[in-house]
Amino acid sequence: QVQLKESGGGLVQTGGSLRLSCGASGDTTCISTMGWHRQAPGKERELIAAMLPDGRTNYAESVEGRFTISRDNVKHSVHLQMNSLKPEDTAAYYCAADVKIDVHPMCAHIYENDFWGQGTQVTVSS
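Report on the accompanying structure. (Residues numbered from 1 in each chain as written. Predicted model: local features only at pLDDT ≥ 70, side-chain atom pairs only at ≥ 80, totals over all residues. Heavy atoms only, no water.)

## What to know about the state of the cysteines
Any covalent bond linking the sulfur atoms of two cysteines counts as a disulfide. Put simply, the rule is: The disulfide definition used here is simple: a pair of cysteine sulfur atoms within 2.5 Å. Where helices and strands are cited, they refer to DSSP runs of H or I of at least four residues and of E of at least two residues respectively, numbered from the N terminus. Between buried and exposed lies partly exposed: a residue is buried under 20% and exposed over 50% of the maximum accessible area for its type, with that area taken using a 1.4 Å probe on protein chains only.
Counted according to the given criterion, the structure contains two disulfides. Sulfur-sulfur distance for the disulfide between C22 and C95 comes to 2.0 Å. Given an S-S torsion of about -80°, the disulfide between C22 and C95 has left-handed geometry. On the criterion of sequence distance, the pair formed by C22 in strand 3 (residues 18-26) and C95 in strand 9 (residues 91-99) is long-range, its members being 73 residues apart. By relative accessible area, which is 2% here, C22 ends up buried. Sulfur-sulfur distance for the disulfide between C30 and C107 comes to 2.0 Å. Because the sign of the S-S torsion sets the handedness, a value of about -100° for the bond joining C30 and C107 places this disulfide among the left-handed ones. Of this pair, C30 sits in the loop between strand 3 and strand 4 (31-39) while C107 sits in the loop between strand 9 and strand 10 (113-116); the two residues are 77 residues apart in sequence, bridging distant segments of the chain. Comparing C30 with C107, the two get one shared label, buried. Should the bonded cysteines of the protein be numbered as they appear in the sequence, the pairing reads 1-3, 2-4.

Below is the structure:
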């Protein structure tokens with residue numbers, strides 16, 4: 001129904017920057033919130049940043065002030081600008097999107113669900 005694909009991960013030194021991108025394809029009509037999660041080895045997956053359709057944002061305390069989420073509602077893409085990277089930012093980063101029945105009249109019949117990308121690895125070296 002909805003497919004998400006991330007890109008932009010890589011290896012960077014402490015203090016460096018990376019920009020992650022995610023594009024949605026398939027049936028994008030009913031997409032509501034889009035955002036980013038990350039998961040480090042041995043750790044729980046955590047929400048990093050999210051943006052609602054009206055532009056409201058939520059950031060994890062650990063990244064607030066360093067990361068910035070942006071979104072294009074026409075292209076159904078979402079981006080994460082990551083600055084002042086730290087070794088503790090090392091993780092697999094996942095793009096996520098949820099679909100809601102109230103986004104559009106054509107969405108009234110759908111099953112509300114969350115969709116995930118395949119992940120992109122970010123490694124920050126000391």
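## Some remarks on the nonpolar core
What counts, and what does not: To form a nonpolar core, buried Ala, Val, Leu, Ile, Met, Phe, Trp, Tyr and Cys residues must be joined to one another through side-chain atoms within 4.5 Å. Any two residues having at least one pair of non-hydrogen atoms within 4.5 Å are treated as being in contact.
Judged by nonpolar contacts, the single largest core of 32 residues is most densely connected at L4, M34, W36, F67, L80, M82 and Y93. Elements with a contribution of two residues or more to this core: strand 1 (2-7), strand 3, strand 4, strand 5 (46-51), strand 7 (67-72), strand 8 (77-82), strand 9 and strand 11 (120-125). Element by element, the count of residues in this core is highest for strand 9, at five residues. Discounting residues that sit within four places of it in the chain, L80 has contacts with L18, R19, L20, W36, I48, A49, F67, T68, I69 and Y93.

## Quick notes on the pairing of strand 3
In regular strands, side chains alternate between the two faces of the sheet. We apply this condition: At least two bridges found by DSSP between two strands is the condition for calling them paired.
Note: strand 1 against strand 3, six bridges, orientation antiparallel. The residue bridging K5 from the neighbouring strand is G23, located in strand 3. Two elements, strand 3 and strand 8, share six bridges in a ladder whose sense is antiparallel. Bridge pairing in strand 8 places S21 opposite H79.

## Details of the sheet that holds strand 8
Selection criterion: In this analysis, axes come from line fits to C-alpha atoms, helices being fitted only over the stretch in contact, and the angle between any two N-to-C directions falls in the range 0 to 180 degrees.
Taken together, four strands build an open sheet; the order of strands is 1-3-8-7 and the sheet is antiparallel. Edge strands, defined here as strands with exactly one partner in the open sheet, are strand 1 and strand 7. Looking at each pair of strands side by side, their axes are set apart by 15° on average, direction ignored.

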